[in-house]
There are 4 protein chains.
Amino acid sequence: MKMKAVVKTKAGPGAELVETDVPEISDTEVLVKVKATSICGTDVHIYQWDKWSNTRIGRKKLPQILGHEVAGEVVEVGKEVRKIKVGDYISAETHIYDPWDLQSILCQAHLGEKMKILGVDRDGTFAEYIALPENVCWVNHPSIPPEIATLQEPIGNATYAVLGEDNDVAGKSMVIIGDGPAGLFSVGIARLCGVTNIFLIGEWDYNLSIGKIMGADHIINIHKNDLDRVEYIRECTNGYGADIVLDMAGAPEAIREGLKMLRRGGRFTAFGLSPTSTIYIDYNEEIVLKGLQIHGITGRKLFDTWYRVRNFLSSGRLNVYPVITHMFTLDEFQKGFDVILERPRKAVKVILFPDEKELKEAQKRLEMQRSVKGER
Amino acid sequence: MKMKAVVKTKAGPGAELVETDVPEISDTEVLVKVKATSICGTDVHIYQWDKWSNTRIGRKKLPQILGHEVAGEVVEVGKEVRKIKVGDYISAETHIYDPWDLQSILCQAHLGEKMKILGVDRDGTFAEYIALPENVCWVNHPSIPPEIATLQEPIGNATYAVLGEDNDVAGKSMVIIGDGPAGLFSVGIARLCGVTNIFLIGEWDYNLSIGKIMGADHIINIHKNDLDRVEYIRECTNGYGADIVLDMAGAPEAIREGLKMLRRGGRFTAFGLSPTSTIYIDYNEEIVLKGLQIHGITGRKLFDTWYRVRNFLSSGRLNVYPVITHMFTLDEFQKGFDVILERPRKAVKVILFPDEKELKEAQKRLEMQRSVKGER
Amino acid sequence: MKMKAVVKTKAGPGAELVETDVPEISDTEVLVKVKATSICGTDVHIYQWDKWSNTRIGRKKLPQILGHEVAGEVVEVGKEVRKIKVGDYISAETHIYDPWDLQSILCQAHLGEKMKILGVDRDGTFAEYIALPENVCWVNHPSIPPEIATLQEPIGNATYAVLGEDNDVAGKSMVIIGDGPAGLFSVGIARLCGVTNIFLIGEWDYNLSIGKIMGADHIINIHKNDLDRVEYIRECTNGYGADIVLDMAGAPEAIREGLKMLRRGGRFTAFGLSPTSTIYIDYNEEIVLKGLQIHGITGRKLFDTWYRVRNFLSSGRLNVYPVITHMFTLDEFQKGFDVILERPRKAVKVILFPDEKELKEAQKRLEMQRSVKGER
Amino acid sequence: MKMKAVVKTKAGPGAELVETDVPEISDTEVLVKVKATSICGTDVHIYQWDKWSNTRIGRKKLPQILGHEVAGEVVEVGKEVRKIKVGDYISAETHIYDPWDLQSILCQAHLGEKMKILGVDRDGTFAEYIALPENVCWVNHPSIPPEIATLQEPIGNATYAVLGEDNDVAGKSMVIIGDGPAGLFSVGIARLCGVTNIFLIGEWDYNLSIGKIMGADHIINIHKNDLDRVEYIRECTNGYGADIVLDMAGAPEAIREGLKMLRRGGRFTAFGLSPTSTIYIDYNEEIVLKGLQIHGITGRKLFDTWYRVRNFLSSGRLNVYPVITHMFTLDEFQKGFDVILERPRKAVKVILFPDEKELKEAQKRLEMQRSVKGER
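Fair warning: this is a prediction, and the values are worked out from it, not measured in the lab. (Residues numbered from 1 in each chain as written. Chains lettered and ligands numbered in written order. Predicted model: local features only at pLDDT ≥ 70, side-chain atom pairs only at ≥ 80, totals over all residues. Heavy atoms only, no water.)

Student: Before we go on, may I ask you to explain the side chain of Arg308 of chain D in this structure?
Tutor: Structurally, Arg308 of chain D can be placed in helix H11 (residues 304–314). A relative accessible area of 3% means that Arg308 of chain D is categorised as buried. When near neighbours in sequence (up to four residues on either side) are disregarded, Arg308 of chain D contacts Asp168, Ala170, Gly171 and Lys172 of chain C together with Thr159, Leu163 and Asn167 of chain D. (Helix = DSSP H or I, 4+ residues; strand = E, 2+ residues; numbered from the N terminus. Buried < 20%, exposed > 50% of the residue type's maximum accessible area, 1.4 Å probe, protein only. Contact = heavy atoms within 4.5 Å.)

Structure (structure tokens):
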């Protein structure tokens, strides 16, 4: 059986829509018919084939299907599959963990040494079908439509970034650096979880305006303001600095500035990856003498964040429609990458639908949301 | 100098408005002119002179001024006072702690062995003036008006009850038992802090309707419903039971039912005091085999909760006006106790103002709030 | 193929050594040749067929093989088994958890609703062979001999009881109620983890003397002392009471006394099961007003405690040989139950060996330990 | 009244023994007759007048008495002093905190913005008498002799470094980088608190041999070994890397190596100060993608660590005599700095006694300890 898929065919920029075989599943896997899949920053890196992609994925693994954020329906299950059934409406955890890795034993399954990543270490979700190990399948709440269900994975990242390991955010101040999807989801979750003073720092007016809708109290565009940002945040926090800073962007300058924005004894969440892995940091002043907690995050706490995100969304407490700026069919994937790469930036989350009918229904829901809100 | 005060003059029901001396302050105390003070359940117990009052306070300490929730202005400071200045707009922590108690050393100052309680162990706030040790004074955010500032103390209780020691509430379900002030404040804070499924159980339609305004998802009146409440909560939580149960009421039946409502591995917060201190509990089934965490709460984490509550209120994230049902002058204190004791219940929080001008201004603010909301 | 097994054949006291079929394994199970298995309090309850056994197990499940603490070698694996291999030297987690239970998702797999217990809900380990689901198999450190490896399960209980959820024990005082195996293991772990003042309360001189060897600072025999135990503990803790109390016994009187022994803001661990599930407690005074944390424990944190226990034992930091008082062949199981039930008590942990050679080697190791220590 | 004191008289290397006035105390201070005081790395920095000293202390504050680790007897108290009495045997917290700093409110008093440091921001302890604010005085357990009581401050640092914020060390592996006093105390505490695999990395055989006595399992001299240290630690930890790394030294190379030694999801404690505040770090690989927790530490958790350290020492669980290598009279302070600066290093902790009688008694106790141990 054949299917359409967006494939990285060669080591270099770009991707192609090709016809390829529907994947065969192993005994412990399930086959999923994709309803919606969304473009993540990682996909953009691989699409552009930057230095990281070249090292991390490399020429040898190609061709490879892109994508890892997904919602779909199970159409076939392997012989050893126990929990998931044909017809289940699921999304997928991207980190294919080994339950017997030391980290899994210690409730850090997302950090296991032997972990493989969907769309990076094996074929991804930008296709009509995808094979998934049963143990990364998450059965969706039926009230969450596909264009939102596919976003649960990055919302999980943001949830872990906002709550950290101590969940200590209610009544606190938080600076969120980065106005991409991770930053904007974080604003929404921070608002939902009782952060009482939210600063969003970014560089695109369009994205920052969505940050405002998501609940940011302060919007700072690094290009337009001749503001002393560190000073501004101190002024807004009684002279102390913020309780928490999340770096969701990875720019070395921003990381250093973020550390300066923190009060003594604050928490810094390191989520964004720097273009150069090695950066310099004012170790004594900003880490040791400030008594800081730094929390590096890759992935999401399994499956704790999935449980919370399901509840955030199914309860209606968290509305992420404002972050969805574009929806296309899978065939139009090129438009998706184009709008994301356009500058000045005018796109945040782009959803792709293999089936045009799913797209049409999603568009109706998005329209309704926008008319209700009466904005944008 | 003389002042008016609401005084418990004898061991028995009731209280009297008397003229008494303005208190003299020691070198480590400040004198506060009361702008607003509010009636707490503890005051009602003492007013009614129940068994607990008779034991805890006793005949010997009388006469004693009632009250412990307050907002006011500092008009005099003792010689050894360092932080607080004349003119400061303050509220007060009720638990007069010893900073060198073992508990204080371990960040549990509110639990110290040597702690004294305002309005219980010494004269309280239902007066024109009150003497306060400097180290329980909390300088209020100027944006918080007196009728709200006086409520920070019980809001702090609710904050500690909701967040517990682990702050782990975002995306979780919570049952709040009790539709008095503590329960209603808890609903508002639970909503603010990302609890995604809030059940409020109470017995008065009036209070429950305020719980709805504060953000409860489910309202359960124990009198009217022939509902199996444990079963209902299981149904609404995928068959597991709630993640968290707060008992803010203290009825032994409710405590036992609350334990049953919890899922295995959940958290039970024991805040309400039972009419009979000793109660029976299904220890094996509900505590041991369920792997429960039970957290007894008296008071508020110092001064952590004060910091959060200030931010909740000054940010506008938390609106507690719906919980204020009555406001009177201090002279009219009798009306306050009367409405609280009326059945069926039609009152929640009652604020008293020694100065009629303060009352008038507060009434204007309350009117404005109600007209904006267009409700009640 | 046939094997010997200790079987509960009928609803009533006792057990029998019978010849029965070697169990057949399902595709996800492994077959283990038992090297050593140990008698737990639960086995004694079932042996005596008390009220709990009659309700929890019931007549219908019989005949059933007893036992759940084990060390052995894998001799066969099911078709779907991925991690465990023939020849692996393993022990087993008793709680057969469902990885998709809500509790499992939230890192509380040992509390899952759908959990089954080895030796309670299915055939146990008092046999030459046992069938085990792969996902409860724990590969032992090769340096840990079978008579110790079989004890990892109850040592895991004690580890979780001592460390609790916050691991906050170093430099603290701890009262351990109960001088059975759980209490004695807890003493050793408390000592190992930096508890600086350990009180062991029990009723048998023999067991208490082992508690001394395991590291208790204070030994209290409830029969011989006319001591006011609560007062004694207050005196030894500067008048405050203990930081932590573990109840490993379950006697209602002891539970109530244990609560009294705690300082305000302390932690009470509820591990022992009471003969009557429902007990009365001084709820107001001991839980609410004291600001207590109560932690119900059944089972062990998975697989966190297994990791720690392996390290405790393989590093030589924890020596549990003093707790092993008797070793027999499986055929002699009756002697094991007899010594455990003898009064005054002269036995703690009894290990059974299906193969006499294994017993002989274990005896040599035990002798060596005792001669080195020069005691008992 | 006059006294002897070791004073930094001018901006440049060295210090002088001078006769100066006994300090006058303010109303909130106490005057302490010093029994023992010990030389810390900070004193050595100031003695050598390095770049940090020149910036942090500067010319203007001179002359200033050195030292901040102390044990002594209170001989006079200010009028507003409430807790401390003449005759009290005390030690002192070095961080003179403001109880109303935001950090103090949030149980991080040691990190307050307005904090002053003894011996850095005001006169220190290398003198016959010292004036101390009451609220940094800690009443010592009478069983702890002065030469040990003066060490409680740095032992508190080590306690906080080892336990971190989560106390999660029992059954874990820990690498301790640095064989100075902080590293050696950390080894002892790690051993006491149940760390099951302790690696000590240093550069002086003499110090490392003391690390062995304190309980390190592995001793690594960076000069002598041609070992691949990262590889060695991986081999000893099943290929994963250590659970926890403490950097107590501050060498940039060691910090970077320490990060590499950690397993994914591990904890890195940043205690040592780097000679150059700004260093480069492999941010992506070692912090973000590894999901690390980094905890910067300056000072000790107040007064939590003091409580634990008192219990560690008074219970006899922790013996720090091996770390005391030299004792002199205050007059001989020059010898103290000389032995610390001698290379190869042959000194760890040096205690100074203003009164020769105190020295003599301490020497007797030290002799006894060494004869009991039969070592060194």
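After that view, the rundown keeps rolling.
Student: Is there a simple way to think about the relation of the copies chain D and chain C in this case?
Tutor: Each of the two chain copies goes to the other by way of a rotation about an axis and a shift along it. For these two chains of identical sequence, chain D goes onto chain C by a turn of 180° and a shift of 0.0 Å along the axis, with RMSD 0.0 Å. Interpreted geometrically, this transformation is the action of a two-fold axis. Taking the C-alpha atom as reference, chain D places Cys193 of chain D closest to the rotation axis, 2.1 Å from it. (Least-squares fit on C-alpha atoms with pLDDT ≥ 70 in both.)

Student: Mind showing me how you'd approach the packing of helix H1 (residues 41–48) of chain A against helix H12 (residues 333–341) of chain A here?
Tutor: The angle between the axes and the distance between the axes are what describe a pair of packed helices. All names here are of chain A. In the contact formed by H1 and H12, the axes pass within 11 Å of each other and the chain directions differ by 100°. Taken together, the axes of H1 and H12 are roughly perpendicular relative to one another. Of the residues in H12, those in contact with Asp43, Val44, Tyr47 and Gln48 of H1 are Gln334, Phe337, Asp338, Ile340 and Leu341. Within the contact of H1 with H12, the residues separate by chemical class into five nonpolar, two polar and two charged. (Axes fitted to C-alpha atoms, helices over the stretch in contact; angles between N-to-C directions. Parallel < 35°, antiparallel > 145°, perpendicular 65-115°, else oblique. Nonpolar A, V, L, I, M, F, W, Y, C, P; charged D, E, K, R; others polar.)

Student: Can you help me understand the sheet that holds strand S11 (residues 173–177) of chain A in this one?
Tutor: Reading across the sheet, the twelve strands line up as S13(A)-S12(A)-S11(A)-S14(A)-S15(A)-S17(A)-S17(D)-S15(D)-S14(D)-S11(D)-S12(D)-S13(D) and stay open at both edges, with mixed pairing between neighbours. Two strands lie at the open edges of the sheet, namely strand S13 (218–221) of chain A together with strand S13 (218–221) of chain D, each paired on one side alone. On average, each strand axis in the sheet is tilted by 15° relative to the strand beside it, whichever way the strands run. Pairing geometry for strand S15 (residues 262–270) of chain A and strand S17 (residues 293–296) of chain A, over four bridges, is parallel. When the bridges of S17 of chain A are listed, Thr269 of chain A appears paired with His295 of chain A. Contacts between helix H7 (residues 205–214) of chain A and the sheet are confined to strand S12 (197–202) and S13 of chain A, with S13 of chain A contributing the most and set at about 170° to the helix. (Pairing = 2+ DSSP bridges.)

Student: Help me understand the domain arrangement of chain A in this model?
Tutor: Often the size quoted for an interface is simply the accessible area lost on bringing the parts together. All names here are of chain A. Taken as a whole, chain A is organised into domain 1 (2–151 + 320–373) and domain 2 (163–296). On a C-alpha basis, the centroid separation for the pair domain 1 and domain 2 is 28 Å. Contact with domain 1, which involves twelve residues of that partner, is made by ten residues of domain 2. Where domain 1 abuts domain 2, roughly 1100 Å² becomes buried across the two surfaces, and 80% of that area is made up of carbon and sulfur atoms. At the junction of domain 1 with domain 2, the criterion picks out zero residue pairs in polar contact (both at pLDDT 80 or more). Its residues assigned to classes, the side of domain 1 that touches domain 2 shows seven nonpolar, one polar and four charged. (Domains from an automatic or database assignment. Buried area = accessible area lost by both parts, 1.4 Å probe. Polar contact = N/O pair within 3.5 Å; in protein donor to acceptor, adjacent residues only side chain to side chain.)

Student: Where do I start with the relation of the copies chain A and chain D in this structure?
Tutor: Superposing chain A onto chain D requires a rotation of 180° together with a translation of 0.0 Å along the rotation axis, leaving an RMSD of 0.0 Å. Same-surface contact between copies: 100% of interface residues of chain A are shared with the interface of chain D.

Student: Teacher, can you tell me more about the pattern of salt bridges here?
Tutor: Once their charged atoms are close, side chains differing in charge can pair, the charge on each being opposite to the other. For the structure on display, the rule yields 112 salt bridges over all chains. Among the salt bridges present, the one from Glu358 of chain A reaches Lys35 of chain A, with a minimum N-O distance of 3.0 Å. On the criterion of sequence distance, the pair formed by Glu358 of chain A in helix H13 (residues 356–373) and Lys35 of chain A in strand S3 (residues 29–38) is long-range, its members being 323 residues apart. This pair shows no difference in class: Glu358 of chain A is buried, exactly as Lys35 of chain A is. The salt bridge partner of Arg317 of chain D is Asp217 of chain C, with a shortest N-O separation of 2.8 Å. Within this pair, whereas Arg317 of chain D is found in the loop between H11 and strand S18 (324–329), its partner Asp217 of chain C is found in the loop between helix H7 (205–214) and strand S13 (218–221), the two belonging to separate chains. Each of Asp168 and Lys172 of chain A together with Asp304 and Arg308 of chain B takes part in salt bridges that share partners, so that together they form one network. (Salt bridge = Lys/Arg side-chain N within 4 Å of Asp/Glu carboxyl O.)

Student: Can you help me understand the interface of chain A and chain D in this one?
Tutor: On the side of chain D, 46 residues touch chain A, which itself brings 46 residues to the contact. Between chain A and chain D, a total of about 3900 Å² is buried, with carbon and sulfur atoms accounting for 54% of that surface. Contact with chain D buries area across many residues of chain A, yet Tyr240, Arg264 and Tyr283 of chain A alone supply 19% of it, more than any other trio. Counting across the interface, chain A meets chain D through zero salt bridges.

Student: Help me understand the packing of aromatic side chains, please; the structure alone is not making it clear to me.
Tutor: In this description, a pair of aromatic rings is defined by centroid distance and the angle of the planes. All told, the structure shown has 32 aromatic pairs over all chains when counted by the stated rule. Residues Trp138 of chain C and Trp306 of chain C carry aromatic rings whose centres are separated by 5.9 Å and whose planes lie at 40° to one another, so their mutual orientation is tilted. With Trp138 of chain C in strand S10 (residues 137–139) and Trp306 of chain C in helix H11 (residues 304–314), this residue pair connects regions lying 168 residues apart in the sequence. With respect to class, Trp138 of chain C is no different from Trp306 of chain C; both count as buried. Through a chain of ring-to-ring contacts, three or more aromatic side chains come together here, namely Tyr97, Trp138, Phe303 and Trp306 of chain A together with Trp100 of chain C. Across from the ring centre of Trp100 of chain D, 3.4 Å away, lies the NZ or CZ of Lys83 of chain B, which sits over that ring. Note that Arg256 of chain D overlies the ring of Tyr280 of chain D, its terminal NZ or CZ placed 4.0 Å from the centroid. (Phe/Tyr/Trp six-rings, centres within 6.5 Å; stacked < 30°, edge-to-face > 60°. Lys NZ or Arg CZ within 6 Å of the ring centre and 35° of its normal.)

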